[in-house]
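Okay, here's what each chain looks like letter by letter:
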Amino acid sequence: MAEKKQLSLFDLSMIVVSLVIGMGIFRTPVNVAAGAQVPELFFSAWIIGGLVALCGALTYAEIGSRFPVTGGYYKIFSAFYHPSIAFAINCIVVVSNAASVAGVSLIGAEYLSKIILPVELQTEFYRIVIAAVTIFLFYLLNLFGLKVSAKTQNVLSMVKIGMVLILICAIFTGPGAASISHSLPEFKTTTGVAPDWMDYGKALGICLIAISFTFGGYQQSINFGGETKEPNKVIPRAIMIGLAIIIILYMAINYAYVKVIGFEQLKTAESIAAILAGKLFGPMGFTILSCLVYFSVLGYVNVNLLSNPRVMYAMGEEKALPSIFSKKTAKNDVMFVSLSVFSIISIFTLFYAQTFDKILNYTIFLDCIGMASSAATIFFLRKKTAGLDKNSIYSMKLYPLLPIIFIAAYTFVGVSIYFNDPEAGRNGLLIFAGFIVLYFVNTLVRKQQNGHN
């Protein structure tokens, strides 16, 4: 069945925005401020994170342009490394994304339950019910096909962008905590001596762990290569437009956090977006923010129900998963088995959402392996597609410098995670090895079954 080219430049740009802007930007600046200790390092870390993301965006734009297939994030590993590596990394991606959907849905449900439920019903059980219903409703929506899902995503992405822009406006509401605080932040070392470049380097590594999580997600846009109109031109443009919007919004809202909350207070603040909303709207701020956060959650849920089933579909096509995962509906061209399984994993994970942070620690480490190794496929792709018409594909400037910077940055973040949380690093590697073993066991079983047939 030929794939329908349904996604426009605007559709894919909004998908990129929603893949990246989840709940991270409303939480991680607290971690970054605590790690940076001083405003100069805080803003420098966000700028470096944005530049690294830009290097990654240009690299994935070229990968998507030269390799425009559905489920591209799985298939580049399969084509240029080994199917076992593709299987292991993408199983981790799918499971961690399902955990992220569950966790983010739960955060949205917590906000929403406080404005729609009486106090006695604001319990964990009812929050889980709201989150499960949210995922199920968007599962039903995605059964109507990519066009309906993409149009819904456009609306939710615009709401999300509007939410960030509204919060940034808190800058203009008069003096905040920043102007009240008289103490200047200091960079303190564990030994008490003056910091050297190694101390600043370690702090930067810790900051970039949270920042790379907040900027992550745009690489999944290459999963839509087979369903995008003029993918060779549209994929790179969409990734770059989407990321440009994100970098501008992130820098502006971080400035608003520091200006309104104060840098010292930001290090330990809770519900930082609610503080900005309260500054703008007074006592009604929390109610307004709760609705906006819930809409932001809807966008994140929908875009993950769009992207992840395409990875599972690609794995089904290559028999890494049972071939039933590559089934599509005749009417709406929906990958209904992959979509159903991903939705079930997400809802099932809801009941174990208290372990979400632990799962995330392991998977961010694995994400670094995945991002660095997937970006490295550009070196193979350049050779393999050297004969293509240069006018029909996107070729980045400053090659190979940009992919090398991106790979080096994610290697640095991975090493920082390992030294900061050795247990998460070791367990992450064990999970990765476990999925590789599972791949070979699955292959062996399939060969034996074929032999008996």
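All of the points below concern the structure found in this document. Note that the structure is a prediction, hence the values are computed from the model and not measured. (Residues numbered from 1 in each chain as written. Predicted model: local features only at pLDDT ≥ 70, side-chain atom pairs only at ≥ 80, totals over all residues. Heavy atoms only, no water.)

1. Here we look at the overall build of the protein chain
When its secondary structure is counted, the protein chain shows 18 helices and zero strands. Taking 22 Å as the expected radius of gyration for a compact globule of 453 residues, we find that the protein chain reaches 22 Å, a close match to that expectation. C-alpha extents for the protein chain along the principal axes are approximately 75 × 55 × 45 Å. Residues classed as buried in the protein chain amount to 55% of the 453 residues present. Once local pairs closer than 6 in sequence are excluded, the contacts in the protein chain between residues at least 24 apart make up 83%. Approximately 19500 Å² of the protein chain is accessible, and the part contributed by carbon and sulfur atoms is 68%. Positive and negative side-chain charges of the protein chain, numbering 32 and 22 respectively, have mean locations separated by a distance of 10 Å. (Helix = DSSP H or I, 4+ residues; strand = E, 2+ residues; numbered from the N terminus. Rg over C-alpha atoms; globule rule 2.2 N^0.38 Å. Buried < 20%, exposed > 50% of the residue type's maximum accessible area, 1.4 Å probe, protein only. Contact = heavy atoms within 4.5 Å. Areas by Shrake-Rupley, 256 points an atom, 1.4 Å probe, with all protein chains shown as cover. Lys, Arg positive; Asp, Glu negative; His and termini not counted. Charge placed at Lys NZ, Arg CZ, Asp CG, Glu CD.)

2. Some points on the pattern of salt bridges
Side chains carrying opposite charge are able to pair once their charged atoms draw close together. Throughout the structure, instances matching the rule amount to eight salt bridges. Ionic pairing is found between Glu-62 and Arg-382, a salt bridge with its closest N-O pair at 2.6 Å. Of the two residues, Glu-62 is situated in helix α3 (residues 39-66) and Arg-382 in helix α16 (residues 377-384); the sequence distance between them amounts to 320 residues. For Glu-62, a relative accessible area of 0% translates into the label buried. Between Glu-264 and Lys-267 there is a salt bridge; the shortest N-O distance is 3.0 Å. (Salt bridge = Lys/Arg side-chain N within 4 Å of Asp/Glu carboxyl O.)

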